Amino acid sequence: MIGVCEVLPYEVLPAGLAAQVEALEAAAWPGAGSGHDPALAPRTVLLREGAGQGAVAACLTLLHKEIRLGGATYRAAGLSSVVTRPDLRGRGLGRRLVTAAREVLAADPGVDLALFSCDRELTPFYEAAGFERLPGTVLLGGTPDDPLPSDRPGFDKSVLAAFLTPHAAAARALFTGARVPLYPGTTDRLW
């Protein structure tokens, strides 16, 4: 049995949970480094075994940043490090986790839109959880001096979004087919 989703600030995860999250991320992305930039206000969304008190079954991190596009500022959040424990895959936990994360962001008055990239083959998975693909959109990760575009050679990425406020929904066309200056920094180079 898997409990309800928990949302916790990344920096204050209890040591045991933090170690489990770090181990899941390291197994999924060997050599990618660990941790998230505190400047991005990371919050971890967890699904745990048992009545929600057991081992981590699946997790992701929500990252937050203001971005400017078309002369306006938008409060963006992105999904990062989405992972389900290998022995629990195929049970719908990932979809449950990502759907819960979208609901958390939709209820957050400090977020205008969710915006992130994923491997192209995962696009239907995120669409089923309520996100929409933005055709032709490229996220510019990294920094302005050392950018990491989501369309760089060797990447096969889609950009997905959820427009959560009227301010963001009115800018849907602006975000579609655009090169969006995300620039989350050197730790979370492309969320």
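Quick note: structure is the one above.
What counts and what doesn't
- Residues numbered from 1 in each chain as written.
- Predicted model: local features only at pLDDT ≥ 70, side-chain atom pairs only at ≥ 80, totals over all residues.
- Heavy atoms only, no water.
- Pairing = 2+ DSSP bridges.
- Helix = DSSP H or I, 4+ residues; strand = E, 2+ residues; numbered from the N terminus.
- Buried < 20%, exposed > 50% of the residue type's maximum accessible area, 1.4 Å probe, protein only.
- Contact = heavy atoms within 4.5 Å.
- Polar contact = N/O pair within 3.5 Å; in protein donor to acceptor, adjacent residues only side chain to side chain.
- 1 Å grid on protein atoms, 1.4 Å probe; cavity = no way out; pocket = protein on both sides within 12 Å on 5 of 7 lines; lining within 4 Å.
- Points joined across faces, edges and corners; volume = space filled by probe spheres on them.
- Nonpolar A, V, L, I, M, F, W, Y, C, P; charged D, E, K, R; others polar.
- Core = buried A, V, L, I, M, F, W, Y, C linked by side-chain atoms within 4.5 Å.
- Expected span 1.5 Å × (residues − 1).
- Arc of directions from axis to C-beta.

Caption draft 1: The sheet that holds strand 10 (residues 179-180), seen in detail. Pairing is mixed across the open sheet formed by three strands, whose spatial order is 8-7-10. A single partner strand is all that each edge strand has here, and the edge strands are strand 8 (147-149) and strand 10. Two elements, strand 7 (residues 138-142) and strand 10, share two bridges in a ladder whose sense is parallel. Directly across from L139, in strand 10, lies its bridge partner V180.

Caption draft 2: The arrangement of the environment of R89 in detail. Note that R89 resides in the loop between strand 4 (72-84) and helix 2 (93-106). On the accessibility criterion, R89 (49% relative accessible area) is partly exposed. Discounting chain neighbours no more than four positions away, the residues touching R89 are V83 and T84. Here T84 takes part through its backbone oxygen, which lies 2.9 Å from a polar atom of the side chain of R89.

Caption draft 3: Inspection of the environment of A58 at higher detail. Position of A58 among the secondary structure elements: in strand 3 (residues 56-69). Since its relative accessible area comes to 0%, A58 is described here as buried. The contact partners of A58, leaving out residues within four places of it in the chain, are V45, L46, L47, V83, T84 and L97.

Caption draft 4: A look at the layout of surface pockets. Taken as a whole, the largest pocket encloses approximately 1200 Å³ of empty space. As for the largest pocket, its lining consists of 38 residues, and the residues nearest its centre are W29, S80, S81, V82 and K157. At the level of secondary structure, the elements contributing two or more residues to the lining of the largest pocket comprise helix 1 (15-28), strand 4, helix 2, strand 5 (113-119) and helix 3 (123-128). Looking at the lining of the largest pocket element by element, the count peaks at six residues for strand 4. Residues of the lining of the largest pocket, tallied by class, amount to 17 nonpolar, 13 polar and eight charged.

Caption draft 5: Spotlight on the nonpolar core. Judged by nonpolar contacts, the single largest core of 46 residues is most densely connected at L79, L115, F131 and F175. Among the elements of the structure, strand 2 (43-48), strand 3, strand 4, helix 2, strand 5 and strand 9 (157-163) are those that each provide at least two residues to this core. The element contributing the most residues to this core is strand 3, with seven residues. Those residues in contact with F131 that sit more than four places away from it in its chain are L79, V98, R102, A114, F116, Y126, L160, A161 and A162. Counting nine residues, the second-largest nonpolar core is a separate cluster that includes Y10, L13, L24 and V56.

Caption draft 6: Region of the structure containing helix 2. Here helix 2 spans 20 Å end to end across 14 residues, near enough to the 20 Å set by a 1.5 Å rise per residue. L93, G94, L97, V98, A100, A101 and L105 are the residues of helix 2 that are buried. One side of helix 2 holds all its buried residues, which, seen down the axis, span an arc of 160°.

So far we have only geometry, and geometry alone does not tell us how the molecule works.
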